[in-house]
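Structure assessment
Read off the chains here:
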Amino acid sequence: MPIRHERRRRLLADDTLSSVSAEEDESQIRLVGETSDPGTGVRGPYAAKTRFECQRRCLDLVPTRRLTIALVVIGALLSVGLVALLHVCSPLLERFLNHEDLVALHLDGARNISHWSSSMLLGLASLVAMLIYSLRRHRVDDYYGRYRVWLWTALGCLIASLVEATDVSLVVHGACREIADLCSLSDSVAWPAGVALLLTAVAVRLLFEVRRCRLATVALATSASFFLLAWAAECAWFIDVSDVTRPLVHRGSWLVGYVFVLATFLLYARHVMLEIEGLIALAPAKAKRRKTKPPARDKTDSPSAEPSHKPALQLRTDLDAVAKPATASAQRSPAGPVVNKTIAAAANPSLSAHELAGRGLSRAERRRLRRDARMAG
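Residues numbered from 1 in each chain as written. Predicted model: local features only at pLDDT ≥ 70, side-chain atom pairs only at ≥ 80, totals over all residues. Heavy atoms only, no water.

**Description of the side chain of His-271**
Looking at the element boundaries, His-271 is found in helix 9 (residues 246–277). Discounting residues that sit within four places of it in the chain, His-271 has contacts with Arg-212, Cys-213 and Ile-280. (Helix = DSSP H or I, 4+ residues; strand = E, 2+ residues; numbered from the N terminus. Contact = heavy atoms within 4.5 Å.)

**Some remarks on a nonpolar patch on the surface**
A surface patch of nonpolar side chains, about 560 Å² in accessible area, is lined by Met-130, Leu-151, Trp-152, Leu-155, Ile-159 and Val-163. Here the element with the most residues in the nonpolar patch is helix 5 (residues 149–165); it accounts for five residues. According to the relative accessible area criterion, Leu-155 is partly exposed, its value standing at 40%. (Patch = residues over 30% accessible without salt bridge, like charges linked within 9 Å, V, L, I, M, F, W, Y side chains within 5 Å. Areas by Shrake-Rupley, 256 points an atom, 1.4 Å probe, with all protein chains shown as cover. Salt bridge = Lys/Arg side-chain N within 4 Å of Asp/Glu carboxyl O. Buried < 20%, exposed > 50% of the residue type's maximum accessible area, 1.4 Å probe, protein only.)

**Notes on the packing of aromatic side chains**
Tallying each qualifying case throughout the model produces seven aromatic pairs. Ring geometry for Phe-226 against Phe-260: centres 6.0 Å apart, planes inclined by 10°, an arrangement best described as stacked. In this pair, Phe-226 is assigned in helix 8 (residues 214–235) and Phe-260 in helix 9, connecting sequence segments 34 residues apart. The partly exposed category is assigned to Phe-226, whose relative accessible area is 26%. Here Trp-254 and Tyr-258 contribute two aromatic rings whose centre-to-centre distance is 5.9 Å and whose plane-to-plane angle is 40°, an arrangement assigned as tilted. (Phe/Tyr/Trp six-rings, centres within 6.5 Å; stacked < 30°, edge-to-face > 60°.)

**Section: the packing of helix 4 (residues 113–136) against helix 5**
Interhelical geometry of helix 4 versus helix 5 gives an angle of 170° and a closest axis separation of 8 Å. With respect to helix 5, the element helix 4 is oriented roughly antiparallel. Residues His-115, Ser-118, Ser-119, Leu-122, Gly-123, Ala-125, Ser-126, Ala-129, Met-130, Ile-132, Tyr-133 and Arg-136 of helix 4 lie in contact with helix 5, whose contacting residues are Trp-150, Leu-151, Thr-153, Ala-154, Cys-157, Leu-158, Ala-160, Ser-161, Glu-164 and Ala-165. Partitioned by chemical class, the residues of the contact of helix 4 with helix 5 number 13 nonpolar, seven polar and two charged. (Axes fitted to C-alpha atoms, helices over the stretch in contact; angles between N-to-C directions. Parallel < 35°, antiparallel > 145°, perpendicular 65-115°, else oblique. Nonpolar A, V, L, I, M, F, W, Y, C, P; charged D, E, K, R; others polar.)

Right, dumping it as structure tokens:
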């Protein structure tokens, strides 16, 4: 029986090779041997479109249209609204189920559905941050390596996702309490202050990174506003809410803040991809201002005296004749060059008039002329 099945596979493979053309062979599935050998060219039982070079890349999953990003943000906000709606409607469901069975729908519960939603949003944000890091690290003018902030941002999002899904924050809070006791500080002050300083440093650093994209900057500022609102609702600062609505305001603000963090990363990823494609022009570097010195006036300090202008620089090569500047004695006596040329012609009769008129005297020639003149006198 195994020999018969193996023979049938070979016959089907031969029929497929002889019946289909070269173009149709790329899209059809052929039955060949169970093992494929790349050296012999034998293909496995998959179509050509399933090869790795034909698969979609991870960067293609990043939306580059504003409408697509808006739909993603709207869908995330609708999921937050669904979580809030389940919290509001949980008292109505207590007629059919017990209160202990509906703990997952209460936003003040230990392991409610809002923590799962936060973990999912932070996981997506971490993935987008890693994609931004894979693109930003190829920028040639980033001499200080500022692209590494996205690696730390992705790691921070993963840690925040772990905190939302588990009780790891209790371990960190306990360690902070012990450190505060050693430093003689109050735990009610040390823990909020430490978390606030950490979040503020991260927000400011990200603001400096995404400031080139205005939409991403607005989204980051919006997320920071919702985080402050959630903190104020939890600590009862400047907001007077009842005990019933406090979990709704607190957890709802945190979820909306996570949504806008994801929107910030998506908008900046779109900005980076458009910069790579050359569809967005980079901001020109600001030229440094140089202090210009005032023009030097003449010694007479007369206001009518015009400043002396330097001669314009001219491009020359080694083959061009060098024009020697006139000396002070030559400037006072216009006949000086004529006399020098006459003496040069007398000292070296081999020089023609064209050679004397086309070039000036070198230092060695002038020294020889002065020596001949002294000997003649």
